[in-house]
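Spelled out, the chains give:
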Amino acid sequence: MPRLSAMPPVTRFAPSPTGLLHLGHGLSALLAHRWARENGGTFLLRFDDIDAGRVRETFYAAAITDLAWLGIAADTPPIRQSARLPLYAAALEKLRAMGLAYPCFCSRKDLAQSAAAPHGPTPIYPGTCRNLPPDVIAARMATAAVPAWRLDMAAARTRTGPLNWQDAAGRTYGANAAAHGDIVLARRDAPTSYHLSSTIDDADMGISHVVRGDDLFDATSVHRLLQALLDLPSPRYTHHALVGDATGRRLAKRDGAASLATLRDAGVDGLCLAADLLAGKLPLGYCWVKA
Ligand code: GLU
């Protein structure tokens, strides 16, 4: 696997502009930014905005304002995935040509029903459309709505054999993507997926170190598999602990109260907050400048 680790690092923060950033985003961005700054590297801002139905223009600017408040500025203008769709289409085409991608005509309802069946803790796609005969595929392609495209996970893993990924300290982890089942490569409502576009972009942007929350630990195995299939370099990965609220509950975008904008409006000092987040000082309480 090509190695990038000997060069100055390139890191990125990749929010989806579908809501306001919260403290967890702040920590991801701060860690990625610090890694680049401390090692003479480059920090990039990428908007993962493939989800046209949920993206709002206002959240792009809000994210830049939030980052500036925390003392973070990207080294290049922000990158938008929505402007890079041909890149993802080419990767999908490559996987199709390798016989590893198949169209999935299952509706949301079909998927919800199959998810209700017992598959263990994470429902995985049951493979309904995996082996459809070519004439059935052709007929459905002609008449049905746009299909999703899925990776044939078993065939992909057979092709690559066992895989590993490494963290920033060089520790090696087994990358077993099998638990994800036949992941989506292109959605019915978007011509790509998070897994595909993120993997392609991290390689294309020369990202050497990916820093993101523990909630994406398992996704790294999928990204490693896609890298191996598409002959892409593998960055080092850091997964940081998720930021909880005072009760330890994980923060989510829907918790408006925890958004960085809300804290700023309430008078919190951004640079002080950034230092506390990096020092793991939570729950917060040190940075209030206004009553
Ligand atoms: N857009 C993804 C998110 O906000 C990015 C995750 C990643 O860093 O790969 O969760």
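Note: the structure precedes this text.
Each value, and the rule that gives it
Residues numbered from 1 in each chain as written. Predicted model: local features only at pLDDT ≥ 70, side-chain atom pairs only at ≥ 80, totals over all residues. Heavy atoms only, no water. 1 Å grid on protein atoms, 1.4 Å probe; cavity = no way out; pocket = protein on both sides within 12 Å on 5 of 7 lines; lining within 4 Å. Points joined across faces, edges and corners; volume = space filled by probe spheres on them. Helix = DSSP H or I, 4+ residues; strand = E, 2+ residues; numbered from the N terminus. Nonpolar A, V, L, I, M, F, W, Y, C, P; charged D, E, K, R; others polar. Near = heavy atom within 4 Å. Polar contact = N/O pair within 3.5 Å; in protein donor to acceptor, adjacent residues only side chain to side chain. Areas by Shrake-Rupley, 256 points an atom, 1.4 Å probe, with all protein chains shown as cover. Phe/Tyr/Trp six-rings, centres within 6.5 Å; stacked < 30°, edge-to-face > 60°. Buried < 20%, exposed > 50% of the residue type's maximum accessible area, 1.4 Å probe, protein only. Lys NZ or Arg CZ within 6 Å of the ring centre and 35° of its normal.

**Structural notes on empty space enclosed by the protein**
- Applying the stated criterion to the full structure yields two cavities of 30 Å³ or more.
- When its volume is computed, the second largest cavity comes out at roughly 50 Å³.
- Considering the residues around the second largest cavity, the lining is formed by R157, T160, G161, P162, L163, A175, A177, S221 and L225.
- For the lining of the second largest cavity, the elements supplying multiple residues, two or more each, are α6 (153-160) and α8 (217-230).
- Of the residues that constitute the lining of the second largest cavity, the class distribution is five nonpolar, three polar and one charged.

**Section: unusual backbone geometry**
- Even without a glycine there, the phi angle at D231 is positive, about 60 degrees.
- By the secondary structure assignment, D231 is in the loop between α8 and β10 (236-240).

**Looking at the site of the ligand**
- Around the ligand lies a shell formed by R12, A14, S16, D48, Y194, S198, R212 and L216.
- One nitrogen or oxygen atom from the side chain of Y194 is found 2.7 Å from an oxygen atom belonging to the ligand.
- A total of 300 Å² of accessible area belongs to the ligand in isolation, and the protein chains cover 80% of it.
- Of the residues that constitute the shell around the ligand, the class distribution is three nonpolar, two polar and three charged.

**Brief notes about the packing of aromatic side chains**
- Scanning the entire structure with this criterion turns up five aromatic pairs.
- Pairing W165 with Y173 gives two aromatic rings, centres 4.2 Å apart and planes at 10 degrees, and the pair type is stacked.
- Under the relative-accessibility criterion, W165 is labelled buried at 2%.
- Taking the centre distance of 6.0 Å and the plane angle of 80 degrees together, the rings of Y173 and F217 count as edge-to-face. Of this pair, Y173 sits in strand β7 (residues 172-175) while F217 sits in helix α8, and the two are 44 residues apart along the sequence.
- Given the relative accessible area of 26%, Y173 is considered partly exposed.
- Residue class for F217 comes out partly exposed when judged on its relative accessible area of 33%.
- Three or more aromatic residues link up through ring pairs in this structure, and these residues are W165, Y173, F217 and Y237.
- The aromatic ring of Y60 is capped on one face by R80, whose charged end is 3.6 Å from the ring centroid.

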